[in-house]
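Now for the letters of each chain:
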Amino acid sequence: MIPTQGTEVEVDNIYTILPPPGTIIGEATEAEMDKAAELEIKHMAFVRLQDMNIQFDGTSYKELLKDFQEFEAETTAFWRDIARRLAVPYEWPIRIDHANGPIYLGEHDIYVEEEEETED
């Protein structure tokens, strides 16, 4: 059972109730918009660092790994709190427009085939 907008819906597969990309599912607070922007900046910095193909020694690697792990823990905690507040599955690709505040479904290619009912 997943509580959604004050009601409970029985769900066998969380993707069967996944709205299409771009669907606004909530509104972010100022603090959430700031945190989403901060996490996006960290993510892009890590992506650019990875794209540089820099060779690291063991100590630098361990420090960078620790930074990555901290970033992942911080990101996971943030998005879990958002998903919990909105009562949507954590696995949904939710995003925040950190300039204007809407929380919406990001791009996804998740298609769930509905089972055809057969009459006996």
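**Student:** Describe in detail the layout of surface pockets, supporting the description with residues and values.
**Tutor:** Looking at the largest pocket, its volume works out to about 350 Å³. Along its surface, the largest pocket is lined by 15 residues, and Glu40, Thr75, Trp79, Ile94 and Arg95 are the ones closest to its centre. For the lining of the largest pocket, the secondary structure elements donating two or more residues are helix H1 (30-51), helix H2 (58-86) and strand E4 (94-96). A breakdown of the residues in the lining of the largest pocket according to their chemical character gives nine nonpolar, three polar and three charged.

**Student:** Residues and numbers for the side chain of His108, please.
**Tutor:** Looking at where His108 falls in the secondary structure, it is placed in the segment after strand E5 (102-105). Side-chain polar atoms of His108 contact the backbone oxygen of Pro19, separated by 3.1 Å. Setting aside its immediate chain neighbours within four residues, His108 contacts Leu18, Pro19, Pro20, Pro21 and Pro93.

**Student:** Run through the sheet that holds E5, naming residues and quoting values.
**Tutor:** The sheet built from three strands is open, its strands ordered E3-E5-E4 with antiparallel pairing. Whereas interior strands pair on both sides, the edge strands pair on one side only; in this sheet they are strand E3 (24-27) and E4. Averaged over all pairs of adjacent strands, the angle between strand axes in this sheet comes to 30°, irrespective of strand direction. For E4 and E5, the ladder comprises three bridges, and the chain directions are antiparallel. Each bridged residue has a counterpart across the sheet, and for Ile94 the counterpart in E5 is Leu105. Where H2 meets the sheet, its contacts fall on E3, E4 and E5, and the angle it forms with E4 comes to roughly 100°.

**Student:** Break down the packing of H1 against H2 for me, citing the residues and quoting the values.
**Tutor:** Where H1 meets H2, the closest approach of the two axes is 11 Å, and the angle between their N-to-C directions is 145°. The element H1 and its partner H2 pack so that their crossing is left-handed. Residue-level contacts link Glu32, Lys35, Ala36, Glu38, Leu39, Lys42, His43, Phe46, Leu49 and Gln50 of H1 to Leu64, Asp67, Phe68, Phe71, Glu74, Thr75, Phe78, Ile82 and Arg85 of H2. The class makeup of the residues in the contact of H1 with H2 is nine nonpolar, three polar and seven charged.

**Student:** Any details on H2? Residues and values, ideally.
**Tutor:** A rise of 1.5 Å per residue sets the reference length of H2, with its 29 residues, at 42 Å; its end C-alpha atoms lie 42 Å apart and thus fit the reference within 8%. All of the buried residues in H2 are Leu64, Phe71, Thr75, Phe78, Trp79, Ile82, Ala83 and Leu86. Those residues of H2 that are buried lie in contact with E3, H1, E4 and E5. Looking one or two residues past H2, Ala87 carries a phi angle of roughly 60°, positive in sign.

Reading the values: rules and limits
Residues numbered from 1 in each chain as written. Predicted model: local features only at pLDDT ≥ 70, side-chain atom pairs only at ≥ 80, totals over all residues. Heavy atoms only, no water. 1 Å grid on protein atoms, 1.4 Å probe; cavity = no way out; pocket = protein on both sides within 12 Å on 5 of 7 lines; lining within 4 Å. Points joined across faces, edges and corners; volume = space filled by probe spheres on them. Helix = DSSP H or I, 4+ residues; strand = E, 2+ residues; numbered from the N terminus. Nonpolar A, V, L, I, M, F, W, Y, C, P; charged D, E, K, R; others polar. Polar contact = N/O pair within 3.5 Å; in protein donor to acceptor, adjacent residues only side chain to side chain. Contact = heavy atoms within 4.5 Å. Pairing = 2+ DSSP bridges. Axes fitted to C-alpha atoms, helices over the stretch in contact; angles between N-to-C directions. Left-handed = near helix turned anticlockwise from the far one by under 90°. Expected span 1.5 Å × (residues − 1). Buried < 20%, exposed > 50% of the residue type's maximum accessible area, 1.4 Å probe, protein only.

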